[in-house]
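The lines below spell out each chain.
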Amino acid sequence: MGEFDDIAVSRPADGVTLIVIARPEARNALRTRTLAEIAAVLTAAADDAAARAVVITGGVKHFAAGADLKEMAPLDAIGVLTHERPRHWRAIQSFPKPLVAAVCGYALGAGCELALACDLVVAGSNAQFGQPEINLGMIPGAGGAARLARTCGKALAMQMVLTGAPIDARAALAAGIAVEVDEPESAIARAIEIASLIASKPPLAVRAAKEAVLRALEAPLSEAVAADRQAFALLAASEDRREGIAAFLEKRTPRFTGR
Ligand code: CAA
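Residues numbered from 1 in each chain as written. Predicted model: local features only at pLDDT ≥ 70, side-chain atom pairs only at ≥ 80, totals over all residues. Heavy atoms only, no water.

Which residues make up the pairing of strand S2 (residues 16-21), and what are the values?
Across the 6 residues of S2, 5 count as buried, placing the element largely inside the fold. As consecutive antiparallel partners, strand S1 (residues 7-13) and S2 are separated by 2 residues, and within that stretch Gly15 has a phi angle of approximately 80 degrees, a positive value. As defined by bridge partners, S2 adjoins strand S3 (residues 53-57) across 5 bridges and the pair is classed as parallel. Within S3, the position partnered with Val16 by the bridge is Ala53. (Buried < 20%, exposed > 50% of the residue type's maximum accessible area, 1.4 Å probe, protein only. Helix = DSSP H or I, 4+ residues; strand = E, 2+ residues; numbered from the N terminus. Pairing = 2+ DSSP bridges.)

Outline the sheet that holds strand S10 (residues 180-182), supporting the account with residue identities and numerical values.
Remark on secondary structure: sheet strands pair via backbone hydrogen bonds, oriented parallel or antiparallel. Taken in spatial order, the 6 strands make up an open sheet running S1-S2-S3-S5-S7-S10, and their pairing is mixed. Of all strands in the sheet, those with a lone pairing partner are S1 and S10, marking the two edges. Across the sheet, the mean angle from the axis of one strand to that of its neighbour is 25 degrees, orientation sign disregarded. (Axes fitted to C-alpha atoms, helices over the stretch in contact; angles between N-to-C directions.)

Which residues make up the environment of Val161, and what values go with them?
The residue Val161 is located in helix H6 (residues 144-163) in this model. A relative accessible area of 16% places Val161 in the buried class. The spatial distance from the C-alpha of Val161 to the C-alpha of Ser94 is 24 Å, given a sequence separation of 67 residues. Excluding residues that lie within four positions of it along the chain, Val161 makes contacts with Gln131, Ile134, Pro140, Ala145 and Leu148. (Contact = heavy atoms within 4.5 Å.)

Quick one: what's the story with the site of the ligand, residue by residue and with numbers?
Around the ligand, the surrounding shell holds 22 residues, and the nearest of these are Ala67, Leu69, Ala110, Glu113 and Glu133. In the environment of the ligand, a nitrogen atom lies 2.9 Å from a nitrogen or oxygen atom belonging to the backbone of Ala65. Ala110 has a polar backbone atom sitting 2.9 Å from an oxygen atom of the ligand. Here the ligand, which alone exposes 1000 Å², has 65% of that area covered by the protein. For the shell around the ligand, the secondary structure elements donating two or more residues are helix H2 (69-72), strand S6 (106-108) and helix H5 (110-117). (Near = heavy atom within 4 Å. Polar contact = N/O pair within 3.5 Å; in protein donor to acceptor, adjacent residues only side chain to side chain. Areas by Shrake-Rupley, 256 points an atom, 1.4 Å probe, with all protein chains shown as cover.)

Could you give me a rundown of the packing of H5 against H6, with the residues and numbers involved?
Packing of H5 against H6 brings their axes to within 10 Å, and their N-to-C directions diverge by 45 degrees. Put simply, H5 runs oblique to H6. Pair H5 / H6 crosses with left-handed handedness. When H5 is examined against H6, the residues Glu113, Leu116 and Ala117 are found in contact with a partner set consisting of Gly144, Arg147, Leu148 and Thr151. Residue composition of the contact of H5 with H6, by class: 3 nonpolar, 2 polar and 2 charged. (Parallel < 35°, antiparallel > 145°, perpendicular 65-115°, else oblique. Left-handed = near helix turned anticlockwise from the far one by under 90°. Nonpolar A, V, L, I, M, F, W, Y, C, P; charged D, E, K, R; others polar.)

Which residues make up H6, and what values go with them?
Counted at 1.5 Å a residue, the expected span for H6 with its 20 residues is 28 Å, but the 14 Å between its end C-alpha atoms falls short. The largest bend along H6 measures about 135 degrees and falls at Gly153. Listed as buried for H6 are Gly144, Leu148, Cys152, Leu156, Ala157, Met160 and Val161. Next to the buried residues of H6 lie H5, strand S8 (128-130), strand S9 (167-168) and helix H7 (169-175). Just downstream of H6, Gly164 is the residue with a positive phi angle, here 75 degrees. (Expected span 1.5 Å × (residues − 1). Bend = angle between axes of the 7 residues up to and from the residue.)

Account for the nonpolar core, naming residues and giving values.
Nonpolar side chains tend toward joint burial in soluble globular proteins. Core analysis: the largest hydrophobic core is formed by 47 residues, its most contacted members being Ile38, Ile56, Val103, Leu114, Phe129 and Ile177. The dominant element in this core, judged by the number of residues it contributes, is H6, at 6 residues. Ignoring any residue separated from it by four or fewer positions in sequence, one finds Ile38 in contact with Ile7, Ile19, Ile21, Leu30, Ile56, Ile92 and Leu114. (Core = buried A, V, L, I, M, F, W, Y, C linked by side-chain atoms within 4.5 Å.)

Written out as structure tokens, the structure is:
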């Protein structure tokens, strides 16, 4: 599935694309090439009907230790402003299909932001989520403060971005950052299992469901509820909705086609 320098891409289950960040020598720091490769895989998966959900992980030891500080060090303000990184982040953040993270070890800085941009996070028990940018004279550059505030509220967001201290997997679970915690060796398999379950669902409804939850984080409640209703009505035009209800009534397994 293409040749990449910083990631490995595979299809571990029907409908599931697996991206493994593989720069262990830099603790999976997200240099621009890494982000570009992740964005390229997601952009291709968005248009690939056979790709129904994506899992992203860094393996059992490190998720990602942030932006690559060696690459970032020489950049001045203009260099940061005109950089290609925000374009790659937009591709990741606007990926329309479910994106599941299996986070083991360090998810720091941009690594934490990558996890927060995913739809579901399965944490390995060794996971550490942190925004240490404050220690470097920065703030999170890819939405970490905003997403943390919306995901787990002001108190923990303030603690994490002001102190730079990471939280562990159990705290991430309690804060709503992670959906479950598993042994590191099982976290990736569990993320694939969840993605595989989602991949078996009708794709149009999956897409609308993801949009609905994300919309709720952005729009006023009344607008979000009204938009949900419109999407609900639109799905009544889909063959998969007819098939889903017919299969239930006929006590058989549905055969979804994505139409
Ligand atoms: N960028 C570049 N290289 C990194 C890196 C990073 N973010 N994190 C680790 N590395 C490199 C180290 O420089 C080191 O390389 P060398 O062997 O060439 O010296 C190698 O990975 C191993 O690192 P350590 O020896 O430090 O490994 P450790 O296991 O003792 O510690 C760690 C791991 C706690 C993750 C530690 O490396 C660390 O604190 N890294 C920096 C974390 C950080 O500050 N991240 C935020 C980056 S800024 C950001 O992300 C901005 C944004 O919002 C977009």
